[in-house]
Structures are given as structure tokens and as C-alpha cells.
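The residues making up each chain are set out below.
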Amino acid sequence: MSVRNELDESGFAVVPSVLDPDEVARLRGTLTTHFGERGSAFNLGWTQPNAAIECPDISWVFSHPKVLETYRDAYGSNDLLFTGHCDIHQDSFSAWHKDTGSGDCYFDEDCFVEECRVIKMAIYLQDHFDEAGLTVAPGSHRSRQWGSSEDGARSIASRAGDAVLFDVRIDHRGRRPSSTERIMHTTGMSVSKIIRRVTRSTHAPGEPAALSRIAEHLPRTTRQSVFFTIALDDRFGEQFARNNMSRQRRQYADPIGDSYPDGLAERMGEAGVAVFQPDLPNC
Ligand SMILES: O=C(O)CCC(=O)C(=O)O
């Protein structure tokens, strides 16, 4: 079955070896350096929203010829739009969710229609033959209802550098927390809530960053990934880009800038890919 048909039917597909081992090693080094200095603590690990801007050293991935070829096959079209969306992750766990935004707010209209096809690419930087990579509920991209359970879930086996493609409407999760992590997380969130009450802060009660640093000493292997979205250059792609970039900017309070790294727009242009230009300061 073609990648396009797999995505239409099941909502996900794996394309092997989009990045080679040297490229994977280069990205691992970039993420390790980045999270040593920056990023948001999240679920006992680290995440960097708006990474296309906040982590300039990964920008070569977006214009990588195999990445673009994979996307062209996935959509069966050459009309691509780099949405600017990219989150990089290290060691976080995550629960079931869709990537349509809360209340499907990344779209200005009903996205559960056939014309809407927005595909995210996840590149894991280590092998996952267990259930610690991406787990999806096949077919759930056709259903507005979410809240999938482990029944019928499918853990996707992937090697470092494979492209794990998925429809942003599919129910998915990353790895589950260990029992120690569950206790640390619950305790951390309670401490955050108390601090928030005492200081009368109106900020959402995130986990204390110190907890993610402490969790680095747990016996676990470093788990890193790069998630980004190249859409079809159509109205759904534009809506996703605009609303998602706005969310990323709100989510990260300590931005280094408002524009893509030098050369990215030019490289995308040369490859025939349109680039969404966010109006970030006004978000
Ligand atoms: O941590 C993971 O592997 C999953 C991350 C994820 O679901 C997301 O970025 O939407």
C-alpha cells in the first residue's frame, strides 16, 4: 500500500531511514546541547516549542531532500507549505491527545472532513521496538471524539532516523511514565499549585524545572525526538500554521527571536516549498 493510502486509511505510516546515522548523531548532539541550556520542563523531561526558531541548528532537517520527498509522497502533491511548527522533546512522557489544538482550535472550520489532510513528521533519535515510541489509535483521525484507551492501540516500531508520519487528528501518545515518575510528577504538580496559590501567580502550574533535572538521574536511556509539520499549501495548511505558531509563541515565555534561521526560507524556496511567515510579535 502507498504511504498516502496508509495515511488516509489508518492515519499513520513509517518511512524508513529518512535520516542516516551521522545525521541522527548530529541531531542528538544538537538536542543535548540545547536542553542543557534552554527549553521548558515538561512531564519529567524537556520540550522546546517553536523549535524552528528557538533551536536554529536543526533547520537543515526541514529542507532535507528525503524529508521533502517523503512529504511529497505522503500528500501525492508538490504543493507544500512549511508551517513553521516544530517541537523538540527529550525524555518527557505524554498522555493521549490529538494535535488539532484544544477544541480543534488550530483550525478555523471543521477539520473532520475529507479535504483536511495535515500530516506531522516525528523523527525519533533512537530505536523503538517497545511501546516507548509513538503509540496511536489507528483510524481515530476520522473521529472528533477523543480519549483513546490502550484497547486497540498500536505501538509503532521505528528505528532512529525513520519518519513516523501521522495525521494531526489521530489520537496518539508518547511513552508512559514509570511508577517512580508518576509519583514524582504528581508531587511536583502539587508543589507547583501551592507555590502558585502562595505567590498568587496567574501562570498555569507547570512542573518545577528542578524536577526534570532530578529525573535526569533516574535509570532511563535518553529519549529524543523532533516533531514538525509540512502541510499541503491549502486553506487547512494555512489555518494550522497560523494558529499553531501563535500557540507555540504563547507557550514559550523566553524567545530568542521572531524569525526563522538565516537561509531556511531560501532553501525551502529553492526546493519549491512555500514558507508560512508568522506575525509572531502580535500573537
Ligand atoms: O513524546 C512523544 O513521543 C510524543 C510527543 C507528542 O505526542 C507530540 O509532540 O504531539
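See the structure above.
Residue numbers here run from 1 along each chain, matching the order of that chain's written sequence. The model is predicted, so local features are restricted to residues of pLDDT at least 70 and side-chain atom pairs to those at 80 or more, both for listing and for counting; the totals for chains, interfaces and linings are taken over all residues. Here the side-chain values reflect all heavy atoms present in the structure, with hydrogen atoms and water set aside.

K.L.:
Requested: an account of the site of the ligand, with residues and values cited.
P.N.:
Note on terminology: near, applied to a residue and a molecule or strand, indicates that one of the residue's heavy atoms is within 4 Å of it. Close to the ligand lie His-89, Ser-94, His-97, Asp-99, Tyr-124, His-172, Gly-174, Arg-223 and Phe-227. Distance and chemistry together define a polar contact, namely a pair of N or O atoms within 3.5 Å, with one atom able to donate a hydrogen and the other to accept it when in protein, and with adjacent residues in sequence counting only for side-chain atoms on both sides. Contact distances for the ligand include 2.9 Å between an oxygen atom and a side-chain N or O atom of His-89. Residue Arg-223 places a side-chain N or O atom 2.8 Å away from an oxygen atom belonging to the ligand. Note on areas: these come from Shrake-Rupley sampling with a 1.4 Å probe, and a residue is covered only by the protein chains present in the view. Relative to its free-state accessible area of 290 Å², the ligand is covered by the protein chains to the extent of 93%. Each residue belonging to the shell around the ligand can be placed in one class, and the counts come to two nonpolar, five polar and two charged. Residue polarity follows a fixed list, in which Ala, Val, Leu, Ile, Met, Phe, Trp, Tyr, Cys and Pro are nonpolar, Asp, Glu, Lys and Arg are charged, and the others, Gly among them, are polar.

K.L.:
Explain unusual backbone geometry to me, and be specific about the residues and the numbers.
P.N.:
With a phi close to 65°, Leu-44 is a non-glycine residue in the positive phi region. As for its position among the elements, Leu-44 is in the loop between β2 (40-42) and β3 (45-48). Unlike most non-glycine residues, Asp-91 shows phi in positive territory, near 70°. Helix numbering and strand numbering both begin at the N terminus, where a helix is a DSSP run of H or I of at least 4 residues and a strand a DSSP run of E of at least 2. If you trace the backbone, Asp-91 turns up in the loop between β4 (80-90) and β5 (119-124).

K.L.:
Please set out the packing of helix α1 (residues 3-10) against helix α4 (residues 65-75) residue by residue, giving values where relevant.
P.N.:
Angles run from 0 to 180 degrees between N-to-C directions of axes, and those axes are lines fitted to C-alpha atoms, restricted for helices to the stretch in contact. For the pair α1 and α4, interaxial distance at closest approach is 6 Å and the crossing angle is 60°. With respect to α4, the axis of α1 lies oblique. Considering only the axes of α1 and α4, their crossing is right-handed. Within the contact between the two elements, α1 uses Val-3, Arg-4 and Leu-7 and α4 uses Asp-73, Ala-74 and Tyr-75. Class assignment for the residues of the contact of α1 with α4 results in four nonpolar, no polar and two charged. Should an angle fall under 35 degrees it is called roughly parallel, over 145 degrees roughly antiparallel, and 65 to 115 degrees roughly perpendicular, with every other angle called oblique. Should the near helix be turned anticlockwise from the far one by less than a right angle, the crossing is termed left-handed; should it be turned clockwise, right-handed. Every residue pair with non-hydrogen atoms within 4.5 Å of one another is taken to be in contact.

K.L.:
If you had to explain the state of the cysteines to someone new, which residues and values would you point to?
P.N.:
Cysteine sulfur atoms that pair up within 2.5 Å are treated as a disulfide. Taken as a whole and judged by the stated rule, the model has zero disulfides. Considering cysteine sulfurs only, Cys-55 is the nearest to Cys-86, which forms no disulfide, with 7.9 Å between them. A disulfide-free cysteine, Cys-111 has its sulfur positioned 5.2 Å from the sulfur of Cys-116, the nearest such atom.

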